[in-house]
Amino acid sequence: MSSREASARFGVTHDYVAALCRRGKVRGALIGRMWFVDTNSLQDFFARVECEQQERRRTLSQQFRTAHQTA
């Protein structure tokens with residue numbers, strides 16, 4: 001799928017999708033001047049990011065509760 005199609009599907013910019021490909025965060029190929037991305041790889045990336053964000057929120061919440069319980 002082209003980076004433009006992927007950007008519309010996932011609600012991000014095509015430049016962001018291309019940057020993910022360039023950095024090796026998702027599987028993609030530069031054909032001519034257009035990036036084509038592996039859709040499963042992009043889905044997996046966004047799922048990992050969401051999981052990491054949820055874990056970070058849980059950790060911060062626990063730290064906040066601990067800090068305010070002792071105060």
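Keep in mind that what you see is a predicted model, and the values were worked out from it rather than measured.

## Section: the overall build of the protein
Next, step 1: Regarding its fold elements, the protein presents 3 helices and 2 strands.
Next, step 2: Along the protein, helices (α) and strands (β) appear in the sequence α-α-β-β-α when read from the amino end.
Next, step 3: Computed over the C-alpha atoms, the radius of gyration of the protein is 17 Å, more than 25% above the 11 Å expected from 2.2 N^0.38 for a compact globule of 71 residues.
Next, step 4: Its C-alpha atoms put the protein at 60 × 20 × 20 Å along the principal axes.
Next, step 5: Across the 71 residues that make up the protein, the buried fraction comes to 23%.
Next, step 6: Across the protein, the fraction of contacts at a sequence separation of at least 24, relative to all contacts at a separation of at least 6, is 40%.
Next, step 7: The average position of the 12 basic charges and that of the 7 acidic charges among the side chains of the protein differ by 5 Å.

## Some thoughts on the pairing of strand β2 (residues 34-37)
Next, step 1: Across the two faces of β2 the burial differs, with Trp35 and Val37 buried and Met34 and Phe36 not buried at all.
Next, step 2: One ladder, built from 4 bridges, connects strand β1 (residues 28-31) with β2; its direction is antiparallel. Residue Leu30 lies in a different strand from β2, and its bridge partner there is Trp35.
Next, step 3: Two successive antiparallel strands, β1 and β2, enclose a turn made up of 2 residues, where Gly32 displays a positive phi of approximately 70°.

Analysis parameters
- Residues numbered from 1 in each chain as written.
- Predicted model: local features only at pLDDT ≥ 70, side-chain atom pairs only at ≥ 80, totals over all residues.
- Heavy atoms only, no water.
- Helix = DSSP H or I, 4+ residues; strand = E, 2+ residues; numbered from the N terminus.
- Rg over C-alpha atoms; globule rule 2.2 N^0.38 Å.
- Buried < 20%, exposed > 50% of the residue type's maximum accessible area, 1.4 Å probe, protein only.
- Contact = heavy atoms within 4.5 Å.
- Lys, Arg positive; Asp, Glu negative; His and termini not counted.
- Charge placed at Lys NZ, Arg CZ, Asp CG, Glu CD.
- Pairing = 2+ DSSP bridges.

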